[in-house]
Structure formats: C-alpha cells, structure tokens
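# Structural overview
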Amino acid sequence: MTVRSVLPGLGPGGLGASMLDLGGRTALVTGAAGGIGRACVLRLAAAGAKVRAVDRDGAGLEALTEEFAGLAGAVEPHVLDLTDLDAAEQAAAGTDVLVNNAGLQLVRPVEEFPPEVFHTVLTVMLEAPFRLVRGALPHMYGQGWGRIVNVSSVHGLRASAYKSAYVAAKHGLEGLSKTVALEGAPHGVTSNCVNPAYVRTPLVERQIADQARAHGICEDRVVSEVLLQDSALKRLIEPEEVAEAVAYLCGPYASFVTGTSLVLDGGWTAH
C-alpha cells in the first residue's frame with residue numbers, strides 16, 4: 001500500500017494547507033534539494049512563505065525552483081556548504097522560520113569509523129544548526145516571534161549500532177533544541193524537534209546499501225529485519241508526512257508547543 005492511498009491529498013497543496021498562513025514570513029530550510037528538505041520547502045512555500053532553500057547541490061536546487069510554480073510563496077535557491085559555519089550563520093539572518101534538516105550518514109562499526117567523517121557529520125548536523133540558530137535569533141527576538149524546527153530522528157531518542165556519528169549528532173541536536181526553547185520562550189520563539197523513523201529519501205536508500213554490507217545480508221532483509229524491525233507500522237515514512245509535522249509546529253495551534261520532540265516513528269519508541 002502506498003502512502004497516498006492512506007493519506008489522499010497529502011502534499012504542498014493538500015491536507016491542512018489552508019490552516020497555515022506564512023504570508024510575509026521568510027523561512028530557511030537546509031538540505032533543501034531533496035527528500036525531507038524539498039518537501040518542507042514546498043510545504044512552507046504553499047503556506048505563503050518566502051523560502052531560502054539551502055543546499056550544496058546547485059543542480060538539485062535548480063530543479064526544485066522549477067516545481068514551486070503556482071504556490072503562494074517563493075523559493076530562493078542558496079548554494080551553501082554547511083561546513084562553512086560563518087556563511088551558514090550569515091545566511092540565517094532575517095529569517096522568521098528556521099528548519100534545520102541537512103544531514104548525512106555513514107554506517108560503520110566504531111573501530112572502523114573514519115574520524116574525519118565523524119567530525120564532518122557533527123559539523124553539518126550539530127554545529128551548523130547552532131550557527132544557523134545563532135544567526136536567526138536576533139531578528140526573531142527583535143520582532144517577538146520565531147519558529148525553529150530541527151529535523152531530528154528516532155535516533156535522537158534511541159541508538160542503533162554502526163551509527164555513532166549520526167546518533168551522537170541527533171542526540172546533541174535534541175539538547176540544543178531544548179536549550180533554545182528555554183531561552184527563546186520570553187521572546188516568542190519556539191524550538192522543537194521532529195523525529196521520524198526511516199523516511200523514503202536518497203539518504204535512506206544509500207543507508208540500506210551500507211547496512212547490507214555492515215550486516216552481511218541482502219538489501220531486502222535490511223528493510224524488513226533492520227530498518228522496520230522495531231516499527232509497528234511496516235512501511236517507510238513519506239517526506240510529505242514529515243513536512244506536514246514541520247508545518248504544524250509553525251502554525252497557530254502549536255504556539256504553546258516548545259522544547260519537545262514530535263515523534264513520527266510508527267510505534268518504534270512504544271516498546
């Protein structure tokens with residue numbers, strides 16, 4: 001069964017689109033060229049936001065800008081490598097909504113994990129979000145309103161073998177998000193995490209191949225025996241479902257939601 005038969009109308013102009021009005025707001029989404037980031041860009045643009053779509057993949061951003069025709073907002077592509085931390089902080093200046101989504105993954109045992117890759121993962125997935133938040137907060141504080149949504153993971157709440165860098169980064173992002181929530185509350189700024197399990201994205205598709213090598217099993221078994229083993233719902237999540245959770249946290253009915261994690265894990269953490 002595909003997700004669209006479960007949730008008809010899901011997408012940038014589908015369910016809930018009329019409930020969120022971001023007209024006049026500027027949003028920034030990292031990792032915007034594909035997967036969850038792309039879905040978030042289109043969802044926030046559908047709500048009327050001017051979206052700064054940040055990614056190091058210039059061709060992917062160009063393809064994205066061709067998709068938003070007819071949406072209420074606008075999409076501005078911004079090619080940026082988030083390891084350039086000063087540039088990341090500068091890019092976030094003047095934003096009303098910040099979605100920290102960019103991520104990367106490598107599946108290896110700790111004793112075989114390349115230290116330089118561990119450093120890069122934490123730079124992109126933890127230090128860059130800190131710098132982006134740091135760049136965005138002065139404007140948010142000045143106007144008394146802001147929304148920060150960190151796309152974390154079920155691995156921000158649980159660990160899995162062979163993912164030391166990813167798990168460490170996501171656990172750190174959870175702590176950063178809570179700290180920002182406490183500091184931002186007097187200024188009208190909320191900060192939350194969205195925690196999906198495995199989403200149908202290119203990153204997960206690459207991870208399946210990595211897991212197959214790490215576990216010595218075929219890719220089909222990786223999906224059924226590794227990725228979905230602890231999930232009560234035996235399917236991958238669609239990027240549009242995550243984007244809708246992000247949109248909810250930016251909307252009027254989530255103004256009292258801050259410092260928490262919105263879990264989309266198909267029952268994984270219910271064990």
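About the cut-offs
Residues numbered from 1 in each chain as written. Predicted model: local features only at pLDDT ≥ 70, side-chain atom pairs only at ≥ 80, totals over all residues. Heavy atoms only, no water. Salt bridge = Lys/Arg side-chain N within 4 Å of Asp/Glu carboxyl O. Helix = DSSP H or I, 4+ residues; strand = E, 2+ residues; numbered from the N terminus. Buried < 20%, exposed > 50% of the residue type's maximum accessible area, 1.4 Å probe, protein only. Phe/Tyr/Trp six-rings, centres within 6.5 Å; stacked < 30°, edge-to-face > 60°.

## Observations regarding the pattern of salt bridges
For the structure on display, the rule yields 9 salt bridges. Arg131 is the partner of Glu89 in a salt bridge, and the nearest nitrogen-oxygen pair spans 2.5 Å. With Glu89 in helix α4 (residues 85-91) and Arg131 in helix α5 (residues 115-143), the pair connects residues that are 42 residues apart, well separated along the chain. Owing to a relative accessible area of 16%, Glu89 belongs among the buried residues under this scheme. A salt bridge links Lys178 to Glu174; its shortest N-O distance comes to 3.6 Å. Placement of the pair is Lys178 and Glu174 together in helix α6 (residues 164-184), with a separation of 4 residues, close to one helical turn. A residue is classified by how much of its surface remains accessible, and Lys178, at 37% relative accessible area, is partly exposed. Note on Glu174: relative accessible area 4%, which makes it buried.

## A closer look at the packing of aromatic side chains
Evaluation of the coordinates by the stated rule reveals 2 aromatic pairs. Relative to Phe118, the ring of Phe113 lies with its centre 6.1 Å away and its plane at 85°, an arrangement referred to as edge-to-face. When its relative accessible area of 30% is taken as the criterion, Phe118 is described as partly exposed. Centroid distance Tyr198 to Trp268: 5.8 Å. Interplanar angle 25°. Geometry classified as stacked. Separated by 70 residues along the polypeptide, Tyr198 in the loop between β6 (189-196) and α7 (202-215) and Trp268 in the segment after β7 (261-264) bring together distant segments of the chain. Take Tyr198 and Trp268: they sit in the same class, and that class is buried.

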